[in-house]
Amino acid sequence: MRLGERAGLKESKPLRDIFGDALLEVVENNPKVVVLDGDLGNSTKTELTRKAFPERSFNIGIAESNLVCIGAGMAGAGLIPWITSFSSFLLCNGYDQIRLSVAISNLNAKILGSHGGITLGKDGPTQMGIEDLALVGGLPTVVILVPSDPVTMHKAVKAATDHVGPVWLRSSRIAMPYIYPQDQEFIIGKAITTREGNDLTIIANGMMVAAALDAAVALQEDGIQARVIDLHTLRPIDREAITKAAKETGAIVTAEEHLLHGGMGSNVARVVAENCPVPMRFVGLADTYVESGDPDDLLEKYHLTSSDIEAKAREVLAAKGETA
Amino acid sequence: MEKDETTKLPQEELTEIAKILRLDILKATTRAGSGHLSSSFSSVELLTALFFNGILRYRPDEPLWPKRDRFIMSKGHAAPLLYAVLAKAGYFPKEELWRLREAGSPVQGHPILGKMPGVEATTGSLGQGISLGIGHILGGRITGKKYRVYVLIGDGECQAGQIWESAMAASHFKTHELMVILDYNKFQEMGPVSREMGLEPLIDKWQSFGWYTAEVDGHDIGAVTKKIHSLQEIKDQPTILVAHTVKGKGVSFVEQDYTWHGRAIKDPEQYKAAEKEILCG
């Protein structure tokens, strides 16, 4: 079954294409925005901007350290750079540069880490960003955005550009279905309650929000009302929405296309443990590297499907029953 | 007409400034109990020429003046020198120097962007300064602001891969507005550069990357000034001034002794001796 099909969500194009469209729009509307590419513009979809605004597009080549710092220098010159490449290359070749020249410097630079997660599929583990959020998590000044659908991706690009300070935006190769109407509000740091419910809460980001909605429909068939929270901003984390969910539903499942170690779930758990401890379960990648393969096969093999969320939901409800 | 933003001083005054900078570096690092004394000493005349002999255009009372020339201290461990220069230039009161490396002080162990006016980049992990400079130049071309960017790098720093990534890019973008000054003091933390990880033929390397190169005695303020002015005439390619220097210059028992790389003078007798040598020039 297609992602979001059970929840009745409408199909869309790959999230990276939405990013490309949105980036072109912000470049059109703001003369200060410049785009830097690590020779992957046809994959990250910055190529649209390059065609329309060649004078504000720079291919720095396959040299991510240099790429990040040239972008930082442009921020120092008063521009708003979008520094773009695969998250794995930016973070693994340019981490020191992001740390000093962007994060410690607290510069107004935006970084697109594309091909997050495992759903790039067949190119295999060297290209996958399964640790991106954990690594960016180690850069305290950087806002971290993980949009879940075309509408929020589009708005995230604009919000990131308008925000003053460093922002990391995760994009993916996979098509994520429409979850929200065009007028959906998107505010950095404010989670969206995508579905109401009081039996448990599923907190998800990225493609796992649609999977969570699929799971919620399946659970509803058994009379279980799951709340679904789209935690599109990992930092600053929405402590209020998480605490409220813990208090009102008494059980939480987190779901992310990322390593469990250092990912969204562990950050949510920190808030829950501090403010309102309730039983929790976690859907994400165990300590393993994923191999090449069809994205759907990989999601199934590595337990990142709506069925996996559903199973963890039943588990956490049982735990909630025991503690009640 | 726009006022001349550069400072130009007679030779005797420049020599005097170099002395003051060395004394300030000595006092600040000794008070802190640590800091890169000898790496700061080797670049004193280079920055004296740049800041006080009519090269760099800057406004201490308007540190973020959009048309200012940028100075990027890529060899961030020479922070004591950078702070001494900025204080002398009037960016902040000299008293701040005596809080070097203290908790709560803006005068951090290595330069942090935004903590002190005049500091253009966060540095300390080596190799990033030229890339940042290229960004400032490409940015200035878009915003229509004309300024030059000067980046001071160390010799050991040339072992970093990013130096050569940025060398390639600067040449590709024909950044004639960019001038790198290489403090070639021939020593790195663990010993002589030639022994640890040799750079030669260094001039050939830069030239093969498309740079216009020049060499100078890095302790001759007049010669450095003259060379920089001549390099400013170069069109369509970035320039590098390889300045031959003496690590620890100014204090005989620190000179050429690489064990002083990250150390301050703590012994009171040594401190007095160092102070005397600097004052007597």
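A brief structural summary. (Residues numbered from 1 in each chain as written. Chains lettered and ligands numbered in written order. Predicted model: local features only at pLDDT ≥ 70, side-chain atom pairs only at ≥ 80, totals over all residues. Heavy atoms only, no water.)

### Comments concerning the overall build of chain A
Assigned secondary structure in chain A consists of 12 helices and 12 strands. For chain A, the C-alpha radius of gyration of 19 Å lies close to 20 Å, the compact-globule estimate for 324 residues. If you line up chain A on its principal axes, its C-alpha atoms span 60 × 40 × 40 Å. Taking all 324 residues of chain A together, the buried fraction comes to 64%. A sequence separation of at least 24 residues applies to 78% of the contacts in chain A between residues at least 6 apart. Per element, the accessible surface of chain A, about 11800 Å² overall, is 49% carbon and sulfur. Each charge sign in chain A was given a centre, from 30 positive and 41 negative side chains, and these centres are 4 Å apart. (Helix = DSSP H or I, 4+ residues; strand = E, 2+ residues; numbered from the N terminus. Rg over C-alpha atoms; globule rule 2.2 N^0.38 Å. Buried < 20%, exposed > 50% of the residue type's maximum accessible area, 1.4 Å probe, protein only. Contact = heavy atoms within 4.5 Å. Areas by Shrake-Rupley, 256 points an atom, 1.4 Å probe, with all protein chains shown as cover. Lys, Arg positive; Asp, Glu negative; His and termini not counted. Charge placed at Lys NZ, Arg CZ, Asp CG, Glu CD.)

### Overview of the sheet that holds strand β3 (residues 80-86) of chain A
All names here are of chain A. The sheet built from 7 strands is open, its strands ordered β2-β1-β3-β4-β6-β5-β10 with mixed pairing. Sheet topology places β2 (57-59) and β10 (233-235) at the edges, where each strand pairs with a single neighbour. Across the sheet, the mean angle from the axis of one strand to that of its neighbour is 20°, orientation sign disregarded. Sheet analysis places β3 next to strand β4 (residues 110-114), joined by 5 bridges and oriented parallel. The partner of Trp82 across the bridge, within β4, is Lys110. Of the strands in this sheet, β3, β4 and β6 (167-170) touch helix α5 (residues 87-104), which is tilted by about 130° from β3. (Pairing = 2+ DSSP bridges. Axes fitted to C-alpha atoms, helices over the stretch in contact; angles between N-to-C directions.)

### Comments concerning the interface of chain A and chain B
Contact residues are listed per partner, giving 25 residues for chain A and 25 residues for chain B. Summing both sides of the interface, chain A and chain B together bury roughly 1800 Å²; the carbon and sulfur share of this comes to 66%. Applying the counting criterion to the chain A and chain B interface returns 0 salt bridges. If you look at where chain A meets chain B, you find 8 residue pairs in polar contact (both at pLDDT 80 or more). For the side of chain A that touches chain B, the secondary structure elements donating two or more residues are β2, α4 (64-76) and α5 of chain A. Here the side of chain A that touches chain B takes 9 residues from α4 of chain A, the largest share from any one element. Among the residues forming the side of chain A that touches chain B, the class breakdown is 13 nonpolar, 8 polar and 4 charged. (Buried area = accessible area lost by both parts, 1.4 Å probe. Salt bridge = Lys/Arg side-chain N within 4 Å of Asp/Glu carboxyl O. Polar contact = N/O pair within 3.5 Å; in protein donor to acceptor, adjacent residues only side chain to side chain. Nonpolar A, V, L, I, M, F, W, Y, C, P; charged D, E, K, R; others polar.)

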